[in-house]
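Structural description and commentary
The primary structure of each chain is shown beneath.
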Amino acid sequence: MFILLTNASPPFRGKPLIIKKDIVVTVFETEVEQPITPSDDNVVELPHKEKVTAVFCGPVGAWYVKEPVEEVYKLLEAM
């Protein structure tokens, strides 16, 4: 079975992320630094830290997702 989450890593932010449930080792909250992002109106947002959920999948590494830890655990426990 798989779970569908929202990627929070800077290069893929907001894109869907599908993770196989049986390779998830642990889930925890962490902070990642979001890079400088220029906008269309010439305003530049400076780098800032954002709270995200890390889903650690053993040899694959960790995926950063937007969903809170509690929601990820609920998805993992479902069927």
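See the structure printed just above.
1. Details of the overall build of the chain
Counting its secondary structure elements, the chain contains one helix and seven strands. Secondary structure elements in the chain, listed N-terminal to C-terminal, are β-β-β-β-β-β-β-α. Expressed as lengths along the three principal axes of its C-alpha atoms, the size of the chain is roughly 45 × 25 × 20 Å. Per-residue burial over the chain gives 29% buried out of 79 residues. When contacts within the chain are restricted to residue pairs at least 6 apart in sequence, those whose partners lie at least 24 apart make up 47%. Taken as two groups, the 8 positive and 12 negative side-chain charges of the chain have centres that lie 5 Å from each other.

2. Digging into the pattern of salt bridges
A complete count under the given rule lists one salt bridge for this structure. The partner of glutamate 50 in a salt bridge is arginine 13, and the shortest N-O contact between them spans 3.0 Å. Here the residue glutamate 50 occupies a position in strand S6 (residues 48-56), and arginine 13 occupies one in the loop between strand S1 (2-6) and strand S2 (16-20), the gap between them amounting to 37 residues. Judged by relative accessible area, which is 18%, glutamate 50 ranks as buried. Take arginine 13: its relative accessible area is 36%, and that puts it in the partly exposed class.

3. With respect to the nonpolar core
Counting residues in hydrophobic clusters, the biggest one holds 11 residues: Ile3, Leu5, Leu17, Ile19, Val24, Val27, Val55, Cys57, Val65, Val69 and Val72. Counting residues per element, the ones that place at least two in this core are S1, S2 and helix H1 (69-77). Excluding its chain neighbours within four sequence positions, the residues that come into contact with cysteine 57 are Ile19, Ile23, Val24, Val25 and Trp63.

4. Some details on the sheet that holds strand S7 (residues 62-65)
Strand order in the open sheet formed by three strands is S3-S6-S7, and the pairing between neighbours is antiparallel. Two strands bound the open sheet, and with one partner strand each, they are strand S3 (26-34) and S7. Pairwise comparison of adjacent strand axes, ignoring direction, gives a mean angle of 40° for this sheet. Sheet topology note: the S6/S7 ladder contains four bridges and is antiparallel. Counted as the bridge partner of phenylalanine 56 is alanine 62 from S7. Running over the sheet, H1 touches S3, S6 and S7 and is turned about 140° from S3.

Reading the values: the criteria
Residues numbered from 1 in each chain as written. Predicted model: local features only at pLDDT ≥ 70, side-chain atom pairs only at ≥ 80, totals over all residues. Heavy atoms only, no water. Helix = DSSP H or I, 4+ residues; strand = E, 2+ residues; numbered from the N terminus. Buried < 20%, exposed > 50% of the residue type's maximum accessible area, 1.4 Å probe, protein only. Contact = heavy atoms within 4.5 Å. Lys, Arg positive; Asp, Glu negative; His and termini not counted. Charge placed at Lys NZ, Arg CZ, Asp CG, Glu CD. Salt bridge = Lys/Arg side-chain N within 4 Å of Asp/Glu carboxyl O. Core = buried A, V, L, I, M, F, W, Y, C linked by side-chain atoms within 4.5 Å. Pairing = 2+ DSSP bridges. Axes fitted to C-alpha atoms, helices over the stretch in contact; angles between N-to-C directions.

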